[in-house]
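One letter stands for each residue in the lines below.
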Amino acid sequence: MGMSLFESVNLQVPQQINGYDCGVFLLKWIAAGNNETLWKSKDYYNNLDDYRQTIMLQLLKWDKNKIKVFS
């Protein structure tokens, strides 16, 4: 039997319930690593606004951001 170059992996990735939180979900999923308990907590879904604001502030304060809104 030959070796396959492709392998199918079935990940249990949470899905957002709207059309605009996919980026937030992706970033939090990457940051969580193997911590599956994050997705089982109802707090995660209740705190999406806070996560969104945190990401926005981090991007605005990022040293590579050319548009400075903070001094």
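The structure this text deals with has already been given above.
The text that follows walks through the structure, step by step, so that each part is easy to find.

About the cut-offs
- Sequence order as written defines the numbering, with residues in each chain counted from 1.
- Given that the model is predicted, a residue must reach a pLDDT of at least 70 before its local features are reported, and side-chain atom pairs must reach 80 or more before they are shown or counted; all residues, however, enter totals for whole chains, interfaces and linings.
- Side-chain measures here rest on the full set of heavy atoms in the structure, leaving out hydrogens and waters.
- To qualify as a helix, a DSSP run of H or I must reach at least 4 residues; to qualify as a strand, a run of E must reach at least 2; elements of each kind are numbered from the N terminus.
- Only protein chains enter the accessibility calculation, which uses a 1.4 Å probe. A residue is then buried if its area is under 20% of the maximum for its type, exposed if over 50%, and partly exposed in between.
- Residue contacts are defined here by distance: any two heavy atoms, one from each residue, within 4.5 Å place the two residues in contact.
- Here a pair means two rings of Phe, Tyr or Trp (six-membered ring of Trp) with centres within 6.5 Å. Their orientation is stacked below 30 degrees between planes, edge-to-face above 60, and tilted elsewhere.
- When the NZ atom of lysine or the CZ atom of arginine is within 6 Å of a ring's centre and also within 35 degrees of its normal, the charge is said to sit over that ring.
- Within this analysis, patches are made of residues with over 30% relative accessible area and no salt bridge. Like charges are joined at 9 Å or less; nonpolar side chains (Val, Leu, Ile, Met, Phe, Trp, Tyr) at 5 Å or less.
- Each accessible area value is a Shrake-Rupley result obtained with a 1.4 Å probe; residue values ignore everything except the protein chains displayed when judging cover.
- Salt-bridge detection follows one rule: a side-chain nitrogen of Lys or Arg within 4 Å of a carboxyl oxygen of Asp or Glu.
- Joining through side-chain atoms within 4.5 Å is the link that ties buried Ala, Val, Leu, Ile, Met, Phe, Trp, Tyr and Cys residues into a set, and such a set is a nonpolar core.
- Polar contact is defined as a pair of N or O atoms within 3.5 Å, subject to the rule that within protein one atom must be able to donate a hydrogen and the other to accept it, and that residues adjacent in sequence are counted only when both atoms are side-chain atoms.
- By definition, the arc is the one covered by directions from the helix axis to the C-beta atoms.

### Focus: the overall build of the protein
- When you go through the protein residue by residue, the secondary structure sums to 4 helices and 0 strands.
- Helices (α) and strands (β) of the protein occur, in sequence order from the N terminus, as α-α-α-α.
- A total of 71 residues make up the protein; the buried ones form 15% of that total.
- A fraction of 30% describes how many contacts in the protein between residues 6 or more apart in sequence connect residues 24 or more apart.

### Topic: the packing of aromatic side chains
- A full pass over the atoms with the stated rule returns 0 aromatic pairs.
- In this structure, lysine 28 is placed above the aromatic ring of tyrosine 51, and the distance from its NZ or CZ to the ring centre is 4.1 Å.

### So, a nonpolar patch on the surface
- Residues Leu26, Trp29 and Ile30 make up a contiguous nonpolar surface patch of about 290 Å² in total accessible area.
- Tracing the sequence through the fold places isoleucine 30 in helix α1 (residues 22–32).

### Side note on the nonpolar core
- One finds Val24, Phe25, Tyr44, Leu48 and Ile55 forming the largest nonpolar core, which totals 5 residues.
- Among the elements of the structure, α1 and α4 (48–61) are those that each provide at least two residues to this core.

### Some points on the side chain of aspartate 21
- Relative to the elements of secondary structure, aspartate 21 occurs in the segment before α1.
- The class of aspartate 21 is buried, set by a relative accessible area of 2%.
- Reaching out from aspartate 21, the side chain makes a polar contact with the side chain of arginine 52 at a distance of 2.7 Å.
- Among residues more than four places away in sequence, those in contact with aspartate 21 are Gln16, Leu48 and Arg52.

### Comments concerning α1
- Those residues of α1 not exposed but buried are Val24, Phe25 and Ala32. Across the axial projection of α1, the buried residues extend over an arc of 95°, all falling on one side.
- Glycine 33 occupies a position one or two residues after α1 and carries a positive phi of about 60°.

### Section: the pattern of salt bridges
- The full count for this structure, using the stated rule, is 2 salt bridges.
- Taking the shortest distance from any N to any O, the salt bridge between aspartate 21 and arginine 52 comes out at 2.7 Å. Taken as a pair, aspartate 21 in the segment before α1 and arginine 52 in helix α4 lie far apart in primary sequence, 31 residues in all.
- The salt bridge involving aspartate 49 is made with arginine 52; its shortest N-O contact spans 2.6 Å. Here aspartate 49 and its partner arginine 52 are both found in helix α4, 3 residues apart, which amounts to about one turn of the helix.

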